[in-house]
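Chain by chain, the residues run as shown.
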Amino acid sequence: MSSLEAGGKAYPSTPSNATGGLDAVQIQAAGRQEDNPPADLTTHEDLKKELNELKRSQSLLATEKHALEMITDGASVQEILENLCTHFDAESSDFLSSILLMDPDGERLRFGAGPRVPKEWAEFVNPVKIGPRVGSCGSAAFLKKRVIVSDIATDPLWSEFRDVALRNGLRSAWSQPIISKDGEVLGTFCIYSLKPRPPKPSDLQLIEGAVHIALIAIERGRTQSALVNALEEVRKSQEQLRRDEEEFRRIPDAIPHMIVVMHPNGRIIYANRLALDYTGLTLADVQSETFRTRAFHPEDIQRVHKEREEGLLKGVPFENEQRFLRKDGKYRWFLHRYNPLLDEQGKVIRWYTTGTDIEDRKQAEDRMRSENVALREEIEHSLMFEEIVGSSESLRIVLKQVSKVAPTDSTVLILGETGTGKELIARAIHNRSKRSGRAFIRVNCAAIPRDLIASELFGHERGAFTGALQRRLGRFESADGGTIFLDEVGDLPAETQVALLRVLQEREFERVGGNQSIAVDVRVLAATNRNLNTAVTEGYFRQDLFYRLNVFPIQIPPLRDRVDDISLLVDYLIDRFGTKAAKRFRSINKKTLELFQAYDWPGNIRELQNVIERAVILCEGDMFSVDEAWLTRAVAKPTMTSVPLASSLVEREREMLEAALREAEGVIGGPKGAASKLGIPRQTLESKIKKFGINRHSFKTA
């Protein structure tokens, strides 16, 4: 039969030590009254028993003392537990003591010590998974209670271990768990006997003493192991910290930039090797309050101090440019970038500053600026194209064409996107022509109402229409002997196109409401951003007028095709608007110039001009820059209609033609015809009817 008891409690047969209880001798005497042994024999046996118990107590104390001495001397847990088992095995030739230790996972026991335990058995239980029916040790660890098995051959707890145990001569096993003060099972202490029998009270006392000593040894060993591990981790951390610090110092020294670490107030804490070698100063010199006065160019000190103080207060990355004194006594330009290191609350705890030598870039910018000035002067004075700024190949081709056609009286058609400077080209042609001393009249055909464009160009007689209270000269008469520039000529209405064609062919016209022809000597320059070939094909622009205007076409390249001219244009416009705003810019932000050159400029030079004018107004300081957001194009939203726009327009135009024919009852010409109602020439209407395959006779009434 097995007996399970709570760990650490006395065995039921253990004599009581409570006050008023019988001592061991009295119990033995009372138990033998029936035999009536001699008094001297009883006394002798009791005395012998007490002496044996005293010897065991002394032996237990000696074992505990020896174990503590071993712990103090630094012996390993294995050595202490082996010594503990050796001492207990010496108590009886029938004893085989064993200690199993718990795995870190808390589910298995492994063989820890047991010098006399048979090798086969030690290997068989290494490891053993704890459970409620796993021999004495496995069950004791699982239940956290003492487990007494008096006969292994019959006890059900040993069903899976019986054969091996009996083969090795083990007949009884008394196991007690080793439990820490926190209730954690650290292992088990077990005494095997070669005979089937229960333990004596003195045996249980030995087991409890052994468990106590083993607990001290294991916990002390754990503490020492934890301490050793902790010290090793500290040592490793210190070593890693030392290596990291050395590497950190090597990294800044290897970077080809000056690196300076500053306190939040700007006081210098550290400078890398490059900074020290460049200045020829020591770290103590760099950390001194007079360092910046000694190292910065006198002209930059006040400006840089102000920029630095403002940047430090804001707590966000910033940069500035300044001249830095080299150890050979020469100043070179540096770009200093300041980046803050923030704590968890977002407060600046350090500033890291990098210095990059930009002397070569500065010299290149100065050379480019000088070259730009020279090119601009050449363009303005030698070529006399006052506001046409640029030196790209595409622009040179245009200017060459201007130079060739300007002395003639040929009609010129200037083509190009909006904002490309078509009017400047027209003025350049006029200024280099023999008519430069006469008027240059500009007309924006798209800006004049459709009903007034003819009157604006050719004038009108008094009473020609409501509001015409007196005769008025048109733009052609005002430009007589000079040049007229018809901007956005592609927007002229059909009836005005006819009148313009007459001027180009016959050099004469009639005022609106008049019947007298007026001869004029005017050179016509026209411009448009429309595709006139497409307009002719679709019937919106007269083909014969197009041929008259297209005598000498000049195609103005868009700004995106003149990237090489952007820096010249930027310099020119900055000077122009800076003078008006009483501002002087020393340099242009590099990123701004890169943005200008990367942007596609849908509005061309006009857009560039507007951006620069706005930036000149907003810029503070002597460096010109723009907001990157200004040069971001909005993505057009897709139309919601599923019908293509071209198809919709064609269908709409067809409906308008049919409606006009229906109202005119199929009549095309005459004051009441469909052409008059649509405001287009008869020939145009007939062409469109043929194009759409409309049967005009179907609209006639019977």
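Each chain carries its own residue numbering, running from 1 in the written order of its sequence. Thresholds applied to this predicted model are a pLDDT of at least 70 for local features of residues and 80 or more for the giving and counting of side-chain atom pairs; totals over whole chains, interfaces and linings are not thresholded and use all residues. Excluded from the side-chain calculations are hydrogens and water; all other atoms, namely the structure's heavy atoms, are used.

Peer 1: I'm lost on the overall build of the chain in this one. Help?
Peer 2: Looking only at helices and strands, one finds 25 helices and 21 strands in the chain. Type-normalised accessible area, obtained with a 1.4 Å probe on protein chains alone, sets the label of each residue: buried when under 20%, exposed when over 50%, and partly exposed for intermediate values. The buried share among the 702 residues of the chain stands at 41%. Across the chain, the fraction of contacts at a sequence separation of at least 24, relative to all contacts at a separation of at least 6, is 62%. For the purposes of this entry, the term helix denotes a DSSP run of H or I that reaches at least four residues, the term strand denotes a run of E that reaches at least two, and both are numbered from the N terminus. For this analysis, residues touch if any pair of their heavy atoms sits within 4.5 Å.

Peer 1: For this particular structure, what's the right way to read the pairing of strand β9 (residues 268–271)?
Peer 2: Successive residues of a regular strand alternate their side chains across the two faces of the sheet. We call two strands paired when DSSP finds no fewer than two bridges between them. With 3 bridges connecting them, strand β8 (residues 258–262) and β9 associate as antiparallel partners. Residue pairing for β9: methionine 262 is matched across the bridge by isoleucine 268. In this structure, the hairpin formed by β8 and β9 is closed by a connection of 5 residues, where glycine 266 is found at a positive phi of approximately 100°.

Peer 1: What should I look at first to understand the sheet that holds strand β11 (residues 331–342) in this one?
Peer 2: Remark on secondary structure: sheet strands pair via backbone hydrogen bonds, oriented parallel or antiparallel. Read across the open sheet, the 5 strands follow the order β9-β8-β12-β11-β10; overall the sheet is antiparallel. With one partner strand each, in any of the chains shown, β9 and β10 (318–325) form the two edges of the open sheet. Averaged over all pairs of adjacent strands, the angle between strand axes in this sheet comes to 25°, irrespective of strand direction. Sitting on the sheet, helix α11 (residues 298–314) is in contact with β8, β10, β11 and β12 (348–357), with an inclination near 155° to β10. Whenever a helix is involved, its axis is fitted only over the stretch in contact; in every case the axis is a line through C-alpha atoms, and angles between N-to-C directions fall within 0 to 180 degrees.

Peer 1: Looking at this structure, how should I read helix α20 (residues 566–580)?
Peer 2: Turn by turn, an α-helix covers 3.6 residues, leaving residues three or four places apart pointing in a common direction. By this rule, a helix spans an expected 1.5 Å times one less than how many residues it contains. Taking 1.5 Å of rise per residue, the 15 residues of α20 would be expected to cover 21 Å, and the 21 Å separating its terminal C-alpha atoms lies within 8% of that figure. Buried within α20 are the following residues: Ile566, Ser567, Leu568, Leu569, Val570, Asp571, Tyr572, Leu573, Ile574, Phe577 and Gly578. Of the residues one or two after α20, alanine 582 is the one with positive phi, at around 60°.

Peer 1: What is the right way to read unusual backbone geometry from this model?
Peer 2: One can expect most non-glycine residues to show negative phi and most peptide bonds to be in trans. Residues asparagine 126 and proline 127 are joined by a peptide bond in cis, for which omega reads 5°. Looking at the element boundaries, proline 127 is found in the loop between α4 (119–124) and β4 (128–129). For asparagine 604, which is not glycine, the phi dihedral falls at a positive 55°. Structurally, asparagine 604 is set in helix α22 (residues 604–618). Residue class for asparagine 604 comes out buried when judged on its relative accessible area of 0%.

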